[in-house]
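So the chains spell out like this:
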Amino acid sequence: MYFLFIRIANSTLDLPWVLSEMGEQVKIYEAAEFNPVYPVSEEFDKLDSFLSEHHFDCLISYLFVPEISDICQQKGLPYVGWIYDSPLFTLFHPAAKNPCNYLFVFDQSEYKHIKSLDIPHLYYLPLGVNLTRTGALNITAEDESAFSCDISFIGNLYVDNSYNRFIHQFPTDVSMELKLYLLENLCNWHRQKPWPRVSSRTSDHISQTLGDAVLNHGYMELDLFLGITFLSKKLVEMDRITVLNTLAEHFKVDLYTTSDTGFLTNVQVHPPVNYYSAMNKVFYLSRINLNISQPSIETGLPQRILDIMGSGGFCLSNYQKEIDDYFVIGKEIEVFHDLDELKEKTAYYLSHEKERLRIAINGYQKIRENFSYLHQLGQILKVLKEELI
């Protein structure tokens, strides 16, 4: 098949890389990077014209862009979207029901939510790792000096979130509802966190206070949109800051981020690392790599877990339900359900090197077997060829 790969802002080029490796013909659309949530109409006009002048069998991208789907529907072109956000707001757009779409969702719980919207050609598929890229690691003495860590975390702290920007504008009853949710769920991974919804009273007040210009919720139910926007984003900030500060009381912790780190204590803060090169070196050279999931990922495996394990690193993650579906905890990955278990397992694996290394090796082997891009894109191609040929 001849694919046109559509670039999405802040996404990688692993998808066209591996499609080419699999023998498929791929062209990368270079005229724009698209943001699904903030569309620019001129960019779609240019894409429409480009497609009128060139022939492709299929368009493919990460995430899902409704306007691109509408163009594909008009031209009779299949459009594949591989979803790595949960929830992806654009999946609630009417264009998600276009028959041209083939949408692959990584979080099983999100898949069930979206399936209830009667979207055709919707599939559940976990994310993957480009093992050709991660396997090309060249660790130098300088890398060992720069990136060796006892405990590391690479990621955003989400300090710049809607809760922090607007909470001071809300009355006591609204702010108390939001704060109660945060207190009940802070650093608690014993149970699955369903997508949060705010009460009708809170929903009405926030929408009246902030207006449609701020609340660009598209076609998602407003109470759910507000729950995700105000509660999930704030909770991930609190979870990550609390985990890092808790560990830094007892251990050496290194953080790679662009975020404001003013709330951290005793954490060694570094600039962000390049996804294509240095990130995998950090994963390989860290004795313990942390994953602290966004709460809106209800059950699925975040990309960070797979990237860590696909780089040969030891992963210590908050518990996610789908970890049990794919990995043996204590043999291929380790998890924590609360701060006490986090501290206990961190101390254990820092002092039990052979067990830690054995788990990292086993985890890498499991990624090679079940989560390589070759394996996952093979599933996508199988669906396309069964449906289209």
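You'll find the structure just up there.
The text that follows walks through the structure, step by step, so that each part is easy to find. Worth saying up front: this structure is predicted, and the values here are computed from it rather than measured.

**Let's talk about the overall build of the protein chain**
Here is step 1: On a plain count of helices and strands, the protein chain comes out with 16 helices and 12 strands.
Here is step 2: The C-alpha radius of gyration of the protein chain comes to 21 Å, within 12% of the 21 Å expected for a compact globule of 389 residues.
Here is step 3: Dimensions of the protein chain, computed from C-alpha atoms along their principal axes, come out at roughly 60 × 55 × 35 Å.
Here is step 4: Out of the 389 residues belonging to the protein chain, those deemed buried represent 54%.
Here is step 5: Taking contacts inside the protein chain between residues at least 6 apart in sequence as the whole, the part at least 24 apart equals 66%.
Here is step 6: When the accessible surface of the protein chain is split by element, carbon and sulfur atoms take 50% of a total near 16,600 Å².
Here is step 7: Charged side chains in the protein chain number 32 positive and 50 negative. The centres of these two groups are separated by 4 Å.

**Description of the packing of helix 8 (residues 172–185) against helix 9 (residues 200–210)**
A packed helix pair is summarised by two numbers, namely the angle formed by the two axes and the spacing between the axes.
Here is step 1: As a packed pair, helix 8 and helix 9 sit with axes 10 Å apart at the nearest point and diverge in direction by 120°. The element helix 8 and its partner helix 9 pack so that their crossing is left-handed. Here D173, V174, E177 and L178 of helix 8 come into contact with helix 9, specifically with R201, T202, H205 and I206.
Here is step 2: The residue inventory of the contact of helix 8 with helix 9, partitioned by class, reads 3 nonpolar, 2 polar and 3 charged.

**A few points about the pattern of salt bridges**
Here is step 1: Under the defined criterion, the tally for this structure stands at 19 salt bridges.
Here is step 2: Linking E177 and R201 is a salt bridge whose minimum nitrogen-to-oxygen distance equals 3.3 Å. With E177 in helix 8 and R201 in helix 9, this pair connects stretches of sequence that are 24 residues apart.
Here is step 3: Residue class for E177 comes out partly exposed when judged on its relative accessible area of 22%.
Here is step 4: Of the charged contacts, one joins K234 and E237 as a salt bridge, the two residues approaching to 2.9 Å between their closest N and O atoms. Of this pair, K234 and E237 are both found in helix 10 (residues 222–248), 3 residues apart, which corresponds to roughly one turn of the helix.

**Structural notes on the pairing of strand 1 (residues 2–8)**
Here is step 1: Strand 1 sits mainly inside the fold: 5 of its 7 residues count as buried.
Here is step 2: Pairing of strand 1 with strand 2 (residues 25–34) involves 6 bridges; the strand directions are parallel. Counted as the bridge partner of F3 is V26 from strand 2.
Here is step 3: Following the backbone out of strand 1, through helix 1 (residues 14–21) and into the adjacent parallel strand 2, one traces a crossover that is right-handed.
Here is step 4: Across 3 bridges, strand 1 lies against strand 3 (residues 58–62) in parallel orientation. What sits directly across from F5, in strand 3, is I60.

**As for helix 12 (residues 303–310)**
Here is step 1: In terms of residue burial, helix 12 counts as a mostly covered element, since 7 of its 8 residues are buried.
Here is step 2: Every buried residue of helix 12 is accounted for by R304, I305, L306, D307, I308, M309 and G310.
Here is step 3: Once helix 12 finishes, G312 follows within two positions and takes phi at roughly 85°, a positive value.

**Some thoughts on unusual backbone geometry**
Here is step 1: With an omega of -5°, the peptide bond running from S86 to P87 counts as cis.
Here is step 2: With respect to the helices and strands, the residue P87 is situated in the loop between strand 4 (79–83) and strand 5 (101–105).
Here is step 3: For N10, which is not glycine, the phi torsion reads 70° and is therefore positive.
Here is step 4: Among the structural elements, N10 can be located in the loop between strand 1 and helix 1.

**Some thoughts on helix 14 (residues 339–350)**
Here is step 1: Taking 1.5 Å as the rise per residue, helix 14 with 12 residues should run 16 Å; its terminal C-alpha atoms sit 16 Å apart, in good agreement.
Here is step 2: Among the residues of helix 14, those classed as buried are E341, L342, K345, T346, Y349 and L350. Each buried residue of helix 14 sits inside an arc of 150° when the element is viewed along its axis, so together they form one side. Summarising the geometry of helix 14, the exposed residues directed more than 90 degrees from the buried face are D340 and E344.
Here is step 3: The secondary structure elements touched by the buried residues of helix 14 are strand 7 (149–154), helix 10, strand 10 (286–291), strand 11 (315–318), strand 12 (334–336) and helix 15 (353–370).
Here is step 4: Sitting at the amino-terminal end of helix 14 is D338, which places a side-chain oxygen 3.3 Å from the backbone nitrogen of D340.

Parameters at a glance
Residues numbered from 1 in each chain as written. Predicted model: local features only at pLDDT ≥ 70, side-chain atom pairs only at ≥ 80, totals over all residues. Heavy atoms only, no water. Helix = DSSP H or I, 4+ residues; strand = E, 2+ residues; numbered from the N terminus. Rg over C-alpha atoms; globule rule 2.2 N^0.38 Å. Buried < 20%, exposed > 50% of the residue type's maximum accessible area, 1.4 Å probe, protein only. Contact = heavy atoms within 4.5 Å. Areas by Shrake-Rupley, 256 points an atom, 1.4 Å probe, with all protein chains shown as cover. Lys, Arg positive; Asp, Glu negative; His and termini not counted. Charge placed at Lys NZ, Arg CZ, Asp CG, Glu CD. Axes fitted to C-alpha atoms, helices over the stretch in contact; angles between N-to-C directions. Left-handed = near helix turned anticlockwise from the far one by under 90°. Nonpolar A, V, L, I, M, F, W, Y, C, P; charged D, E, K, R; others polar. Salt bridge = Lys/Arg side-chain N within 4 Å of Asp/Glu carboxyl O. Pairing = 2+ DSSP bridges. Right-handed = clockwise from strand over helix to strand, strands pointing away. Expected span 1.5 Å × (residues − 1). Arc of directions from axis to C-beta. Polar contact = N/O pair within 3.5 Å; in protein donor to acceptor, adjacent residues only side chain to side chain.

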